[in-house]
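Close look at the chain arrangement
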Amino acid sequence: MSQIVVTNERIVNAKPADVYAILSDYKRREQFLPENFQDYRVEKGGQGEGTVVQYRLHAANRERNYRMKVEEVVKGKVLRERDYDSSFVTTWTVSPESGGTQTRVGVASEWSGSSGVGGFFERTFAPLGLRNIYGDVLARLNSRITGENLPAVNAKSYKNLYILLLAVGVIIGFIISRKREK
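What you see as residue numbers is a count from 1 along each chain, following the sequence as written. It should be noted that, the model being predicted, local features are given only for residues of pLDDT at least 70 and side-chain atom pairs only at 80 or more, the latter also being counted only at that level, while totals for whole chains, interfaces and linings use all residues. Just so you know, side-chain values use all the structure's heavy atoms and leave hydrogens and water out.

Time to look at the nonpolar core. For this analysis, a nonpolar core means a set of buried residues of the types Ala, Val, Leu, Ile, Met, Phe, Trp, Tyr and Cys, connected via side-chain atoms within 4.5 Å. Relative accessible area decides the class of each residue, using a 1.4 Å probe on protein chains only: under 20% of the type maximum gives buried, over 50% gives exposed, and in between gives partly exposed. Formed by 32 residues in total, the largest nonpolar core has its most connected members in Val19, Leu23, Tyr55, Phe88, Trp92, Val105 and Leu141. Starting at the N terminus, helices and strands are each numbered in turn, a helix being any DSSP run of H or I of at least four residues and a strand any DSSP run of E of at least two. Among the secondary structure elements, those contributing two or more residues to this core are β1 (3-12), α1 (16-23), β2 (37-44), β3 (52-59), β4 (62-74), β6 (89-97), β7 (102-112) and α2 (116-146). With six residues, α2 is the single largest residue contributor to this core. Not counting residues up to four positions away in its chain, the partners in contact with Leu23 are Arg29, Phe32, Leu79, Trp92, Val94, Val105 and Leu141. Contacts are residue-level and defined by heavy atoms, with any inter-residue pair within 4.5 Å sufficient.

Whenever a carboxyl oxygen of Asp or Glu lies within 4 Å of a side-chain nitrogen of Lys or Arg, that contact is scored as a salt bridge. Following the criterion strictly, the structure yields 12 salt bridges and no others. For Asp83, the salt bridge goes to Arg64, with nearest N and O atoms at 3.5 Å. Taken as a pair, Asp83 in strand β5 (residues 78-83) and Arg64 in strand β4 lie far apart in primary sequence, 19 residues in all. Residue Asp83 is classed as buried on the basis of its relative accessible area of 6%. For Arg64, a relative accessible area of 32% corresponds to the partly exposed category. In this structure, Glu97 and Arg104 form a salt bridge, with 3.0 Å as the shortest nitrogen-oxygen distance. Judged by relative accessible area, Arg104 falls into the partly exposed class, the value being 27%.

What follows covers empty space enclosed by the protein. Within this scheme a cavity is a closed region of a 1 Å grid, computed over the protein atoms alone, that accommodates a 1.4 Å probe without allowing it to escape, whereas a pocket is open but has protein on both sides within 12 Å along at least five of seven lines; lining residues each have an atom within 4 Å of a point. Grid points are joined across faces, edges and corners, and a volume is the space filled by probe spheres set on the points. Taken as a whole, this structure holds one cavity of 30 Å³ or more when the rule is applied. If you add up the space inside the largest cavity, you get close to 130 Å³. Forming the boundary of the largest cavity are 15 residues, of which Arg29, Phe37, Tyr55, Glu81 and Trp92 lie nearest the centre. Broken down by secondary-structure element, the contributors of at least two residues to the lining of the largest cavity are β2, β3, β6 and α2.

Next up on the list: unusual backbone geometry. Positive phi is not limited to glycine here, since Asp39 has a value of about 55 degrees. Locating Asp39 in the fold gives a position in strand β2. Using a relative accessible area of 55% as the deciding quantity, one classes Asp39 as exposed.

In structure tokens form, the structure reads like this:
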């Protein structure tokens, strides 16, 4: 098994305290989550430390259930969400930019990946898909806070990219399996 890490970040045109207030309010979190997050619900709490949320993450024709417990690692700056049933951990960081008039929002997820051919595909494709999903979340967060319109997303181009990457992955997997047979 190998550790898989996926990161993304964005500058938001708002003060760090305002951004953190929205990020740590899990009852309002659904307002800026894309359709990849399905059946989102707050099970316990709703504000920062001790909150428990559940959702299904739909990505690349796969779905996975998550039940995440929230920790405030650094109050006002770092939130960590740990899945109860896997090694999946997501960390949100908020830091001031431009003298505190803007905020750098970072998101990083990590987990222990599978081994073998399945692990190869997971290490190759999961980071690409999740990075795109986090880009969408961050754009929606920015829009929610600032009122700026979301840029149009061409879903077809993502689908075409996914198909191309899948084809390349299948070819590489085939080559690797043929070399192992020799």
